[in-house]
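Residues per chain are reported as follows:
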Amino acid sequence: MKIRRGDSVIVITGADAGDTPRRVLQVVAGGKKLTVENVNRVFKHVKRGHPKSPQGGRLEVEMPIDISNVKFYCEACSSASRVGYRYTADGSKERFCKKCSASLGAISPANAKYQKQ
């Protein structure tokens with residue numbers, strides 16, 4: 001799962017497609033779908049007594065979209081790109097932007113097996 005909660009993405013297909021970067025709220029279904037803020041908003045009809053709407057009515061909620069419909073947005077190079085994994089000199093694994101090679105944060109701690117000599 002290369003895209004994580006809190007990352008910025010650009011929706012590339014569907015009714016909400018555009019160049020505006022949006023934040024990922026949640027990754028669901030084993031990393032195959034994600035919920036993006038203000039994308040794929042639908043009305044959920046609830047009966048009276050529902051915890052989120054005690055009086056009942058229609059709730060507007062975001063539903064998950066497929067991960068193939070979005071592209072990662074790199075803040076460093078201000079463009080949509082892909083994400084890759086690499087090992088650093090101390091042996092820790094990190095995500096990086098494939099366009100500008102900027103680091104996106106560590107994934108796992110340092111491992112002696114992957115240290116560069």
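Residues numbered from 1 in each chain as written. Predicted model: local features only at pLDDT ≥ 70, side-chain atom pairs only at ≥ 80, totals over all residues. Heavy atoms only, no water.

In the nomenclature of an unreviewed UniProt entry, the chain corresponds to Large ribosomal subunit protein uL24 from the organism Gimesia maris. What the UniProt record of the chain gives under Subunit (unreviewed entry) is the line "Part of the 50S ribosomal subunit." The annotation that UniProt attaches to the chain under Sequence similarities (unreviewed entry) is "Belongs to the universal ribosomal protein uL24 family." (UniProt positions renumbered as here; feature names shortened; annotations may be inferred.)

Draft legend 1. Seen up close, the pattern of salt bridges. On inspection of all chains with the given rule, the structure shows five salt bridges. Linking Arg 23 and Glu 37 is a salt bridge whose minimum nitrogen-to-oxygen distance equals 3.7 Å. Here Arg 23 is found in strand 2 (residues 22-28), whereas its partner Glu 37 is found in the loop between strand 3 (33-36) and strand 4 (41-46), with 14 residues between them in sequence. The class of Arg 23 is partly exposed, set by a relative accessible area of 41%. Given the relative accessible area of 26%, Glu 37 is considered partly exposed. The network of salt bridges with shared partners includes Arg 41, Glu 60 and Glu 62. (Salt bridge = Lys/Arg side-chain N within 4 Å of Asp/Glu carboxyl O. Helix = DSSP H or I, 4+ residues; strand = E, 2+ residues; numbered from the N terminus. Buried < 20%, exposed > 50% of the residue type's maximum accessible area, 1.4 Å probe, protein only.)

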